[in-house]
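Read off the chains here:
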Amino acid sequence: MAGQRVEVDGGILEGVSVQPEAERPQHLSGLEMIRDLCDGQLEGAAIGSTEVTFTPEKIKGGIHTADTKTAGSVCLLMQVSMPCVLFAASPSELHLKGGTNAEMAPQIDYTVMVFKPIVEKFGFNFNCDIKMRGYYPKGGGEVIVRMSPVTQLNPINLTDRGSVTKIYGRAFVAGVLPFKVAKDMAAAAVRCIRKEIRDLYVNIQPVQEPKDQAFGNGNGIIIIAETSTGCLFAGSSLGKRGVNADKVGIDAAEMLLANLRHGGTVDEFLQDQLIIFMALANGVSRIKTGPVTLHTQTAIHFAEQLAKAKFTVKKSEDEEDSSKDTYIIECQGIGMRNPNL
């Protein structure tokens with residue numbers, strides 16, 4: 001990929017008009033961290049930029065810090081760095097600073113409770129230590145991610161959904177927000193889920209984040225459903241000024257229920273996060289999903305352009321999916337080998 005020109009521009013997908021997305025603080029911090037991880041050259045990287053030229057060199061491990069200096073998401077920083085450090089010369093320790101529970105991005109709880117156990121099926125492990133939680137608008141959160149490189153990634157096959165066996169979660173408040181808010185979010189979410197799923201105990205713990213582990217004020221909830229085959233689905237929501245606690249809980253519950261209706265093995269937020277790993281893996285990977293999101297279509301487009309992997313997206317032919325909007329995303333991975341190991 002040396003000298004690869006990556007243009008962030010409109011009209012990426014045929015038949016879909018895509019607005020050029022200008023650089024945001026977390027995008028910029030992410031690019032700068034990748035540059036540092038591999039002693040690369042980065043041109044045109046500034047907030048508001050729509051074209052960036054990046055020339056990578058050898059990926060090295062070690063300790064690296066990325067700080068959005070805002071509530072920009074640490075989870076997005078993790079997403080951009082993980083495929084790189086897997087192919088580094090030595091183990092990496094990434095200090096990621098910004099928002100841990102921020103809008104328009106996975107919450108750190110999602111990353112640890114859903115993304116981590118599923119992505120580790122590609123044949124690697126990582127450790128994520130939440131040092132400090134940070135919320136919009138101040139940020140101030142920090143997580144430390146530690147991982148060792150791999151020789152190659154294994155393909156995955158996530159096509160058997162199984163049946164839901166457990167539903168659990170956490171409703172949190174931090175800073176000056178009263179503990180009652182956490183209890184109200186949890187109770188409203190449980191009531192909402194019970195209307196549709198009556199035979200399972202729903203265990204949502206209200207949590208007051210310790211003062212020394214949370215910066216600023218925030219509240220939110222994440223609810224996870226686990227199936228008999230080890231699939232994980234989530235619904236989550238964050239509190240905002242003027243939104244009552246019940247609504248936050250109900251929003252998360254409804255999101256979870258929607259993700260359980262489509263018959264896929266991953267929720268709408270995991271889909272696009274798995275694409276890069278499928279592209280790099282050695283062999284054929286398959287995942288069963290609900291409606292394919294625009295994020296996933298974009299990820300497939302770039303994985304095909306940059307990694308030269310081949311993807312197919314087909315309607316699921318399984319009988320139990322006939323009445324549902326269910327798809328199989330299949331990828332012939334490129335079998336990327338770590339040149340350093």
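Keep in mind that what you see is a predicted model, and the values were worked out from it rather than measured.

**Q** How do you make sense of the overall build of the chain when you look at a structure like this?
**A** Summing up its helical and strand segments, the chain has seven helices and 16 strands in all. The C-alpha atoms of the chain give 20 Å as radius of gyration, which agrees with the globular expectation for 341 residues (20 Å, within 12%). Here the chain holds 341 residues, and the buried ones make up 48% of them. Within the chain, contacts between residues at least 6 apart in sequence are counted, and of these 73% link residues at least 24 apart. Summed over its atoms, the accessible surface of the chain is roughly 15700 Å², and 51% of this surface lies on carbon and sulfur atoms. Across the chain, the mean location of the 35 positive side-chain charges is 5 Å away from that of the 39 negative side-chain charges.

**Q** Sorry if this is basic, but what is going on with the environment of T53 here?
**A** As for its placement among the helices and strands, T53 is situated in strand β3 (residues 51–55). Separated by 10 residues in sequence, T53 and E43 have C-alpha atoms that sit 5.1 Å apart.

**Q** Is there a simple way to think about the UniProt feature "domain: RNA 3'-terminal phosphate cyclase" (unreviewed entry) in the chain in this case?
**A** Under the UniProt annotation, the feature "domain: RNA 3'-terminal phosphate cyclase" (unreviewed entry) is placed at residues 24–313. Measuring from the first to the last C-alpha atom of residues 24–313 gives 30 Å, for a span that is 34% helix and 30% strand.

**Q** Hey, could you run me through unusual backbone geometry in this one?
**A** Only a minority of non-glycine residues have a phi that is not negative, and only a minority of peptide bonds are not trans. Of note, the bond from Y136 into P137 is cis; its omega dihedral lies within 30 degrees of zero at 0°. Mapped onto the secondary structure, P137 falls in the loop between β6 (126–134) and β7 (141–147). Phi is positive for K69, which is not a glycine, with a value near 60°. Among the structural elements, K69 can be located in the loop between β4 (62–67) and α2 (74–85).

**Q** Looking at this structure, how should I read the environment of G175?
**A** Among the secondary structure elements, G175 is positioned in the loop between β9 (164–174) and α4 (179–196). Of the residues examined, G175 reaches a relative accessible area of 24% and is grouped as partly exposed. Separated by 160 residues in the primary sequence, G175 and G335 have C-alpha atoms spaced 47 Å apart. Ignoring anything within four residues of it in the chain, the contact list for G175 reads Q208, K211, G216 and N217.

**Q** How should the pairing of β6 be read in this particular structure?
**A** Across a regular strand the side chains alternate sides, sitting on one face of the sheet and then on the other. Pairing of β6 with β7, which is carried by six bridges, proceeds in the antiparallel orientation. In the sheet register, D129 faces β7, and the bridge partner there is I144. A loop of six residues connects β6 with β7, the two strands running antiparallel in sequence, and G139 in this loop sits at a positive phi of about 70°. Two strands pair when backbone bridges link them, and β6 and strand β11 (residues 214–215) are joined in this way by two bridges, in the parallel orientation. Among the inter-strand pairings, G134 is bridged to a residue of β11, identified as F215.

**Q** It is not clear to me how the sheet that holds β7 should be interpreted in this structure. Could you clarify?
**A** Taken together, the five strands give an open sheet; going across it, the order is β4-β5-β7-β6-β11, and neighbouring strands pair in mixed fashion. The open sheet has two free edges, formed respectively by β4 and β11, since each of these has just one partner strand. The strands touched by helix α1 (residues 25–37) are β4 and β5 (92–98); relative to β4, the strand with the most contacts, the crossing angle is about 160°. Seen against the sheet, helix α3 (residues 108–119) touches β6 and β7 and runs at an angle of roughly 170° to β6.

**Q** Please explain the nonpolar core as it appears in this structure.
**A** Most often, soluble globular proteins keep nonpolar side chains buried together rather than apart. In terms of nonpolar packing, the biggest core is built from 59 residues, with L96, F122, F124, F126, L153, L274 and F311 touching the most fellow members. With residues up to four places along the chain from it excluded, the contact list for F122 reads L153, N154, I156, L274, F277, M278, A281 and S285. Core analysis: the next-biggest nonpolar cluster, separate from the first, contains 27 residues, A171, A225, L256 and L260 among them.

**Q** Sorry if this is basic, but what is going on with the sheet that holds strand β10 (residues 202–208) here?
**A** In any sheet, the strands associate via hydrogen bonds between backbone groups, in a parallel or an antiparallel arrangement. Pairing in this open sheet of four strands is mixed, and the strands run β10-β9-β12-β13 from one edge to the other. In this open sheet, the two edge strands, each paired with only one partner strand, are β10 and β13 (232–238). Taking each pair of neighbouring strands and ignoring which way they run, the sheet shows an average axis angle of 15°. Where strand β12 (residues 218–227) and β13 come together, seven bridges link them in antiparallel fashion. Looking at β13, one finds that I221 is bridged to S237. Helix-sheet contacts for α3 involve β9, β12 and β13, and the interaxial angle to β13 is about 165°.

**Q** Sorry, what's going on with empty space enclosed by the protein here?
**A** Summary: where empty space remains is shown by rolling a probe the size of a single water molecule over the atoms. Within this structure, the stated rule accounts for one cavity of 30 Å³ or more. What the largest cavity holds in volume is close to 40 Å³. Lining the largest cavity are C75, M78, Q79, M82, T111, F115 and Q273. When residues of the lining of the largest cavity are traced back to their parent elements, those giving at least two are α2 and α3. The biggest single contributor to the lining of the largest cavity is α2, with four residues. Residue classes in the lining of the largest cavity are distributed as four nonpolar, three polar and no charged.

**Q** Explain the side chain of S81 here, please?
**A** Within the secondary structure, S81 sits in helix α2. S81 gets classed as buried once you look at its relative accessible area, which sits at 0%. A polar side-chain atom of S81 sits 2.9 Å from the main-chain carbonyl oxygen of L77. S81 has contacts with M33, I34, L37 and L94, leaving out every residue within four places of it along the chain.

The rules we used
Residues numbered from 1 in each chain as written. Predicted model: local features only at pLDDT ≥ 70, side-chain atom pairs only at ≥ 80, totals over all residues. Heavy atoms only, no water. Helix = DSSP H or I, 4+ residues; strand = E, 2+ residues; numbered from the N terminus. Rg over C-alpha atoms; globule rule 2.2 N^0.38 Å. Buried < 20%, exposed > 50% of the residue type's maximum accessible area, 1.4 Å probe, protein only. Contact = heavy atoms within 4.5 Å. Areas by Shrake-Rupley, 256 points an atom, 1.4 Å probe, with all protein chains shown as cover. Lys, Arg positive; Asp, Glu negative; His and termini not counted. Charge placed at Lys NZ, Arg CZ, Asp CG, Glu CD. UniProt positions renumbered as here; feature names shortened; annotations may be inferred. Pairing = 2+ DSSP bridges. Axes fitted to C-alpha atoms, helices over the stretch in contact; angles between N-to-C directions. Core = buried A, V, L, I, M, F, W, Y, C linked by side-chain atoms within 4.5 Å. 1 Å grid on protein atoms, 1.4 Å probe; cavity = no way out; pocket = protein on both sides within 12 Å on 5 of 7 lines; lining within 4 Å. Points joined across faces, edges and corners; volume = space filled by probe spheres on them. Nonpolar A, V, L, I, M, F, W, Y, C, P; charged D, E, K, R; others polar. Polar contact = N/O pair within 3.5 Å; in protein donor to acceptor, adjacent residues only side chain to side chain.

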